[in-house]
Amino acid sequence: MFEQLDSLIVRYEELLELLSDPEVISDTDRLRKLTIEQSDLHPKVEKIRRYKDVLQGIEDTKEMLHDSSLDSEMEELAKMELSELKDEQETLEEEIKIMMLPEDPNDGKNIIMEIRGAAGGDEAQLFAGDLLNMYTRYAERQNWKVEILEASTNDVGGYKEVTLMITGDKVYSKLKFENGAHRVQRVPVTESQGRVHTSTATVVVMPEADDVEIEIDPQDIKIDVYRAGGAGGQHVNVTDSAVRMTHLPTGIIVAMQDERSQLKNREKAMKVLKARVYDHYQSIEQEKTDSARKLAVGTGDRSERIRTYNFPQSRVSDHRIGLTIQKLDTVLSGELEEIIDALILFEQTEALEELNRGHGA
């Protein structure tokens, strides 16, 4: 472990040198990658350096206590300091263990999110709109950018389906846990009897796929173009600007018609298609590796009910970790930090226990 910690410090110092190299500075792509790596390593290196200082402090204090010329008052102070340093050592060791856990290679990526109204008709589609608003507000709090790629609305202002792209710092690392079925319990606006109904909307979170990670053969894509249409004949294009792409090996279909330009619709459709195909193959690999035991809370079955939003009791419950909070309004306004932090902590704890079991075997 110490060799690994030392190697991180060496790499960090190498990065600082590279980032001041004129050759690197002139290479925009390389500079961006090295800057991200340096930024990721910085908090780790700070913690490792503090840990080394604590270990040195423990050794120095022990040596002081062996000094026969030490008076009783100084001895008492040294013992107190030694106790505090040992407590900090234990805390830092646990934090460093978590810090050194293998990271999900997708954690630093942007995402493509799809939200669909599921069981419950208009009410489910209205709830899909609530979820869209919740994630948009959360993204704003994180200083992320949200772009709606495609949206299909209903007559009451809800969403049958909406596809959005969220870009920013480590978006996937926080929103990967949102995969699954979200359940709402409330009295629908259209319900005259005032009865509580249960409806669901599904959320799919896919990491944006880089070209180096997935290469789609153009021969494997069937592209159809057609005229975009709107509700009641509104906003109908007179040119073939809408695009439908079919990935023949998987049967995955993406249709895009929000832009008036066919080129822009093609670009958006290709982004979504790459993400879906990448996610498809990644899910197959995940099933192979996790067939015995699902470790991460973010990789469960998408039909699984992961969270309930109960309006009568102003309650939000995440069923995977047994978390219930009485803050429905604040959660729906985008204050998701408490839930997401708890999910991250749960995943880290599970991974740490798995690591300890492996070492104990």
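Note on numbering: residues in each chain are counted from 1, in written sequence order. Totals for whole chains, interfaces and linings use every residue, but because this is a predicted model, local features are given only for residues with pLDDT of at least 70 and side-chain atom pairs only at 80 or more, for both listing and counting. The side-chain numbers reported here are obtained from all heavy atoms of the structure, hydrogens and water having been left aside.

Overview of the nonpolar core
Here comes step 1: By size, the foremost hydrophobic cluster in this structure holds 35 residues, and its most contacted members are M113, I115, L131, Y135, L175 and Y309.
Here comes step 2: The numbering of helices and of strands both runs from the N terminus, where a helix is a DSSP run of H or I of at least 4 residues and a strand a run of E of at least 2. Those elements giving two or more residues to this core turn out to be β1 (111-117), α5 (121-141), β3 (159-167), α6 (171-175), β5 (197-207), β11 (323-325), α8 (328-332) and α9 (337-360).
Here comes step 3: For this core, the element with the most residues is α5, which contributes eight residues.
Here comes step 4: The contacts of L175, once residues within four sequence positions are left out, are I111, M113, Y135, Y138, W144, I166, V205 and I340.
Here comes step 5: Grouped together as the second largest cluster of nonpolar side chains are 18 residues, L41, V54, L85 and I96 included. Nonpolar cores are built from buried Ala, Val, Leu, Ile, Met, Phe, Trp, Tyr and Cys residues. Side-chain atoms within 4.5 Å join them into one set. Partly exposed describes any residue whose relative accessible area lies between the buried limit of under 20% and the exposed limit of over 50%, with all areas from a 1.4 Å probe on protein chains only and scaled to the type maximum. The contact criterion used throughout is that any non-hydrogen atoms of two residues lie within 4.5 Å.

Here we look at the sheet that holds strand β6 (residues 221-226)
Here comes step 1: In this scheme, strands are said to pair when DSSP sees at least two bridges between them. Taken together, three strands build an open sheet; the order of strands is β6-β7-β8 and the sheet is antiparallel. Two strands close off the open sheet at either side, each with one partner strand: β6 and β8 (252-256). Between one strand axis and the next, the sheet turns by 15° as a mean value, whatever way the strands run.
Here comes step 2: The pairing of strand β7 (residues 242-247) with β8 spans five bridges and is classified as antiparallel. Considered in β8, the bridge of T246 is made with I253. Note on method: axes are straight lines fitted to C-alpha atoms, helices fitted across the in-contact stretch only, with angles between N-to-C directions ranging 0 to 180 degrees.

Focus on the confidence of the model for the protein chain
Here comes step 1: Looking at the protein chain, pLDDT values average 82 and 85% of them are 70 or higher.
Here comes step 2: Confidence of the prediction at every residue is given by pLDDT, a number between 0 and 100. Confidence drops under a pLDDT of 50 for residues 231-236, and excluding neighbours within four residues, the segment shows six contacts in the predicted structure.

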